[in-house]
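Structural overview
Here's the letter readout for the chains.
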Amino acid sequence: MAPTHVLRCCQRGLAWIPVIFIALVVCWSYYAYVLAVSSLEGSGETESDVVYLIYFHLSFIMFVWSYWKTIFTKPANPSKEFCLPKAEKERYEKEERPESQQEILWRAASSLPLYTRTGAGAIRYCDRCQVIKPDRCHHCSACDMCVLKMDHHCPWVNNCVGFSNYKFFILFLAYSLVYCLFIAATVLQYFIKFWTNELPDTHAKFHVLFLFFVAAMFCISILSLFSYHLWLVGKNRSTIEAFRAPVFRTGSDKNGFSLGFRKNIVQVFGDQKKYWLLPIFTSQGDGLTFPTKLVNADAEQATVTLHPEPNKSAADVPVSPLSDSQNRLLSNDQHANNIEDHLANNTLKSGRTHQ
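Residues numbered from 1 in each chain as written. Predicted model: local features only at pLDDT ≥ 70, side-chain atom pairs only at ≥ 80, totals over all residues. Heavy atoms only, no water.

As recorded by an unreviewed UniProt entry, the protein carries the name Palmitoyltransferase and is attributed to Sphaeramia orbicularis. The UniProt entry for the protein carries this comment under Subcellular location (unreviewed entry): "Membrane". (UniProt positions renumbered as here; feature names shortened; annotations may be inferred.)

The helix and strand inventory of the protein stands at eleven helices and ten strands. A sequence separation of at least 24 residues applies to 63% of the contacts in the protein between residues at least 6 apart. Entry remark: accessible area of the protein is about 19600 Å², with carbon and sulfur atoms responsible for 61%. (Helix = DSSP H or I, 4+ residues; strand = E, 2+ residues; numbered from the N terminus. Contact = heavy atoms within 4.5 Å. Areas by Shrake-Rupley, 256 points an atom, 1.4 Å probe, with all protein chains shown as cover.)

The next thing to look at is the confidence of the model for the protein. Mean pLDDT over the protein works out to 82, with 79% of the residues at or above the 70 mark. This stretch, residues 296-355, has a pLDDT under 50; its non-local contacts, to residues over four places away or in other chains, come to 71 contacts. (pLDDT = per-residue confidence, 0-100.)

The positions UniProt marks with the feature "transmembrane region" (unreviewed entry) are residues 12-31, 51-68, 168-192 and 204-228. As a span, residues 12-31 carries 90% helix and 0% strand, and end to end its C-alpha atoms are 30 Å apart. Between the C-alpha atoms that bound residues 168-192 there is a distance of 36 Å. The span itself is 100% helix and 0% strand.

Applying the stated criterion to the full structure yields 27 aromatic pairs. Consider the rings of Y92 and Y125, whose centres lie 4.8 Å apart with planes at 55 degrees: the pair is tilted. Taken together, the residues Y92 in helix α4 (residues 86-94) and Y125 in strand β1 (residues 125-126) connect sequence positions 33 residues apart. Judged by its relative accessible area of 12%, Y125 falls in the buried class. Ring geometry for F269 against W276: centres 6.0 Å apart, planes inclined by 45 degrees, an arrangement best described as tilted. Judged by its relative accessible area of 22%, W276 is partly exposed. Feature note: the residues Y30, Y33, Y52, F56, F60, F63, Y67, F169, F172, Y179 and F182 constitute an aromatic cluster, connected by ring pairs. Sitting over the ring of F257, R136 keeps its end group 4.3 Å from the ring centre. (Phe/Tyr/Trp six-rings, centres within 6.5 Å; stacked < 30°, edge-to-face > 60°. Buried < 20%, exposed > 50% of the residue type's maximum accessible area, 1.4 Å probe, protein only. Lys NZ or Arg CZ within 6 Å of the ring centre and 35° of its normal.)

Ranked by size, the top nonpolar core spans 50 residues in total, and within it Y33, Y166 and I183 carry the most contacts. Of all the secondary-structure elements, those providing two or more residues to this core are α2 (17-36), α3 (47-72), α6 (166-195), α7 (204-235) and α9 (261-269). A per-element tally of this core places α6 first, with 18 residues. Core analysis: the second largest hydrophobic core is formed by 23 residues, L105, F163, L288 and F290 among them. (Core = buried A, V, L, I, M, F, W, Y, C linked by side-chain atoms within 4.5 Å.)

With that out of the way, let us pick up α7. The end-to-end C-alpha distance of α7 is 46 Å, a good match for the 46 Å that 32 residues give at a rise of 1.5 Å each. Just past α7, the residue N236 takes up positive phi, approximately 55 degrees. (Expected span 1.5 Å × (residues − 1).)

Here we come to the packing of α4 against helix α5 (residues 98-108). Taken N-terminus to C-terminus, the directions of α4 and α5 make an angle of 160 degrees; their axes are 9 Å apart at the nearest point. Taken together, α4 and α5 sit at an angle that is classed as roughly antiparallel. Like other packed secondary-structure pairs, α4 and α5 cross with a definite hand, here left-handed. Each of E88, R91 and Y92 in α4 lies in contact with α5, whose residues at this interface are Q101, I104, L105 and R107. Partitioned by chemical class, the residues of the contact of α4 with α5 number three nonpolar, one polar and three charged. (Axes fitted to C-alpha atoms, helices over the stretch in contact; angles between N-to-C directions. Parallel < 35°, antiparallel > 145°, perpendicular 65-115°, else oblique. Left-handed = near helix turned anticlockwise from the far one by under 90°. Nonpolar A, V, L, I, M, F, W, Y, C, P; charged D, E, K, R; others polar.)

Let's shift gears to the packing of α3 against α6. Here α3 crosses α6 at 155 degrees, and the two axes come no closer than 8 Å. Comparing their axes, α6 and α3 come out roughly antiparallel. Of the two elements, α3 crosses α6, and the hand of that crossing is left-handed. Residues belonging to the contact of α3 with α6 are distributed by class as follows: 17 nonpolar, six polar and two charged.

A few words now on the environment of D271. Tracing the backbone shows D271 in the loop between α9 and α10 (293-296). In this structure, the C-alpha to C-alpha distance between D271 and Q284, residues 13 residues apart in sequence, is 8.0 Å. Not counting chain neighbours up to four residues away, the residues in contact with D271 comprise V266 and Q284.

For the rest of this paragraph, the subject is the pattern of salt bridges. In this structure the tally under the stated criterion is three salt bridges. The salt bridge involving D144 is made with R128; its shortest N-O contact spans 2.9 Å. Placement of D144 in the loop between β3 (138-140) and β4 (145-147) and of R128 in the loop between β1 and β2 (131-132) is noted, with a sequence separation of 16 residues between them. The closest approach of N and O atoms between E241 and R136, which form a salt bridge, is 2.8 Å. Of this pair, E241 sits in helix α8 (residues 239-243) while R136 sits in the loop between β2 and β3; the two residues are 105 residues apart in sequence, bridging distant segments of the chain. A residue is classified by how much of its surface remains accessible, and R136, at 3% relative accessible area, is buried. (Salt bridge = Lys/Arg side-chain N within 4 Å of Asp/Glu carboxyl O.)

Listed below in structure tokens is the structure:
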């Protein structure tokens, strides 16, 4: 046990190396831009230089704030209702046949809001955490826990990116891109002067050289990652779901959680636009249940019944009614449909009256 515990502690310590590396690069970039560049001849004496420093500090603060929130926001885990009762868990562990274990899981999941299954149509269960996985929940081997709406484990933040911090991660990418672009754009003039030997012969000119290269390099890498995650937000998919489509009772569907571009964005950033650019948690829902196309297909239906596979002897699993977040997302469409139905009925009645 002792060697295993020591090895685990060493792994946790080494996992902070990428974060420390990023922190050192950011600290050096601050010194290089504010002190080194400002010490160059003609720099820091004009109004434009003051404006540059103001915008630099704004982007720097937002970048560090969102990065901090991404790192230190604890991943959300399944609630206790998704844990097997003690008696059922003991029965599950004693059972050797997978069919019997599935029967136990189907009974335990009868009151849970579940829409997705495994590829074989079974209940998604984590033997490591001993919980029934909610929709879009996956087990992270690095964090050794089940994470709600898990997207991926990011070594650069030493944390799992999921429901609790996905908005922070998107803002971290956005502000880091703005930070790097701003540095590259404003240092370009000094970078050109470096190659034309117009800068004074001080150590500051070497900071300018490396600052431009580092900013440009990070811009290219962050831009591709940021663009990809913006696409995922627009489709309402996680990175895991982009590679492996979730399986519903009607089969796998990569667009099963997509509600339309606008509502997909609201799912992550919330319905109050004034908070979208701030690293404050505003994502909709509780991370346990999500609106699906399955619900949209029959919005008036209060419950949806999931049937096990024909060869499995298990009870039907009714899904609980929609949560408040789901109702808010679907209420606008339902209201519009009700108006259309009302107008259509009035038209038919008026036509019959004239006849």
